[in-house]
Structure formats: structure tokens, C-alpha cells
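# Tertiary structure, described
Spelled out from the first residue to the last, the chains are:
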Amino acid sequence: MHKPLLVANWKMNLGISASALLAKEIASHYKNNSSYDLWLAPSYTAIEATIKASASSGIKIGAQNVHWEKSGAFTGEISVAILQELGASFSLIGHSERRHIFYESDEMLAKRAECALNNNLTIIYCIGETLQERTENKTIQVLEQQLSPLINLIKKFTSKNIVIAYEPVWAIGTGKVATIEDIQIAHGFISKKVSDCTGEIVPRLLYGGSVTAENFQDIINLDVVDGALVGGASLSVEKFLPLMRICSV
Ligand code: 13P
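Let me sum up the structure you'll find in this document. Please read these numbers as outputs of a predicted model, since none were measured by experiment.

Residues Leu6, Ile26, Ile190 and Phe240 are the most contacted members of the largest nonpolar core, which totals 68 residues. Ignoring any residue separated from it by four or fewer positions in sequence, one finds isoleucine 26 in contact with Trp10, Leu38, Leu40, Ile59, Val237, Phe240 and Met244. Counting 12 residues, the second-largest nonpolar core is a separate cluster that includes Val7, Val163, Leu206 and Leu229.

Here we take up the environment of leucine 83. Mapped onto the fold, leucine 83 is located in helix α3 (residues 80–86). When the C-alpha positions of leucine 83 and glutamate 48 are compared, they lie 9.5 Å apart, and in sequence the two are 35 residues distant. With sequence-adjacent residues up to four places away left out, leucine 83 is seen in contact with Tyr44, Ile47, Ala63, Asn65, Val66, Ile78, Ala88 and Leu121.

All right, on to helix α10 (residues 237–248) then. With 12 residues, α10 should reach 16 Å at 1.5 Å per residue; the first-to-last C-alpha distance of 16 Å fits that figure. Buried-residue contacts for α10 involve β1 (5–9), α1 (16–30), β2 (37–41), α9 (216–220) and β8 (227–230).

Inspection of every chain in the model, using the stated rule, returns zero disulfides. Cysteine 197 takes part in no disulfide bond, and the closest cysteine sulfur to it belongs to cysteine 126, at a distance of 20 Å. As a non-bridged cysteine, cysteine 247 has cysteine 126 as the owner of its nearest cysteine sulfur, 17 Å distant.

Moving on, we get to unusual backbone geometry. If a residue is not glycine, its phi is most likely negative; likewise, a peptide bond is most likely trans. With phi around 70°, leucine 14 is a residue other than glycine that occupies positive phi space. Judged by relative accessible area, which is 25%, leucine 14 ranks as partly exposed. One non-glycine residue, serine 210, adopts positive backbone phi at about 55°. Structurally, serine 210 is set in the loop between β7 (204–208) and α9. Note on serine 210: relative accessible area 16%, which makes it buried.

Pairing within the closed barrel is parallel, and its eight strands lie in the order β1-β2-β3-β4-β5-β6-β7-β8. Taking each pair of neighbouring strands and ignoring which way they run, the sheet shows an average axis angle of 25°. Taken together, the five bridges between β1 and β2 define a ladder with parallel strand orientation. When the sheet's bridge partners are listed, valine 7 is paired in β2 with tryptophan 39. Sheet contacts for helix α7 (residues 139–157): β5 (122–127) and β6 (162–166); angle to β5, the most-contacted strand, approximately 160°.

Scoring rules and cut-offs
Residues numbered from 1 in each chain as written. Predicted model: local features only at pLDDT ≥ 70, side-chain atom pairs only at ≥ 80, totals over all residues. Heavy atoms only, no water. Core = buried A, V, L, I, M, F, W, Y, C linked by side-chain atoms within 4.5 Å. Buried < 20%, exposed > 50% of the residue type's maximum accessible area, 1.4 Å probe, protein only. Contact = heavy atoms within 4.5 Å. Helix = DSSP H or I, 4+ residues; strand = E, 2+ residues; numbered from the N terminus. Expected span 1.5 Å × (residues − 1). Disulfide = S-S within 2.5 Å. Pairing = 2+ DSSP bridges. Axes fitted to C-alpha atoms, helices over the stretch in contact; angles between N-to-C directions.

Below, the structure written as C-alpha cells:
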């Protein structure tokens, strides 16, 4: 069993002061709790302030994306070195909003992930099927395809700096959470596929998609779930604290 991990993805919400304020409140309730890990992913501009606001709490701060080149003409992108200079210790890669709104391909995501791992930046690699793919019974096929670049990277780097997040696209921000059976099947498939191909210990496996205080206990009770990647319910201390409490027991 892995140590549980709770990750807040603040997406394109909360400016510098609001991020710092929320991080400070969250940190005051976390206080180096050793029973679970807590990571926050604010906007790039709020990374530094969020780190300061949660200093000495043991909370890790990271980014929502990272580019694969060291530097250069990549308007709007950010490099591993710039993130590390800010103090970021991880980055999300392949979030469904990156895949579907910004058309990031598996190939592009593999490059992002490889560069991060090469430079010791931990990654949370996100995968998940759309509603149409699920309706057409293609969930496993899609997960297999999205996992394939990651499996090569686990073979190369081991799973030490890798976390996988299963986020069914139809469950993100919709209030429609996947059923316990859906999660069990998807996570079971991901774990088996990774361990069969790499012979490695499977990275921590998070569920994401409309996680709230109401559904999280049943989800985290599953053996195949190591934690959650949370959007909406991480944007206020009132909604996030109950999730922290569930992780801490
Ligand atoms: P919601 O929790 O708002 O559904 O978002 C999930 C997500 O996309 C986290 O990365």
C-alpha cells in the first residue's frame, strides 16, 4: 500500500493573494501530517507565494504543465528550470483539459514527461476516456494507448518520481462521479498493465473527477486507489478540509 496522496488542482483559478491565503489555511490544518501527502498545483504566477504561505508544513507545491525544452521560442510555455527556480517540485502532465482543449498529443505529453523526469521534477501523468469513448466501450483501449508512453518512461526512470491520475473526462467538473465499479475496473487495469510491462512497483494511482466529501470515503477505501486529484472541491477550505480529514485517518 502506498501512502495516500491528496492533490489540489486549482486550474485557472485564484490569483497570487487568494492562492497564498488558501494555502495558508490549508497548511494550518495539515501541519506536517505524516499519514498522507498533500500537494497543491496553483497557477504558475502563484507558485512562489503558495510555497511561502505553506512553508514548513510539508506540503509540496507544483505546476499544471511543463515544456520539454530547456529554453527558447515557445511563447506561453514554461520550462522545468523556471519551475524549479520558483520552488515547484512536481507538475501535472496530460490533464484532460490539455489533451482536449489544447490538443496535446500523447507524443507531446511523453516529451513533457521525459524532460521533467530527466531533471528530477516529479510528474502526475493524467489519463482518462471521454464519454463517447466510454459509450463505445473503448475505455480500456484508450487507457492502454494513453499509458503506453508512460510505460516506456517507467522502464527508463522507475516509478519513483511518477504518479498516475485516472480522470474520466466525463466526470471532470460535471458532478458525475465514476461508480466504484468503474474506478475499480480502470485502476485495476492500469495497475496490472504497468506492473506486467515494467515489473516495477506501480506508481501511486489517483482518481480525479467530481471528488467531494460525499463520495471520497468510498473511493479511497478501494485498495487500488492511493488518493485523489481534486479540482472544484479544492478551491475553498470548507470543501477541501473534509477531504483532508478523510485522508488523515
Ligand atoms: P473536478 O474535481 O472539479 O471534477 O476536477 C477534477 C480535475 O480535473 C482535477 O485535475
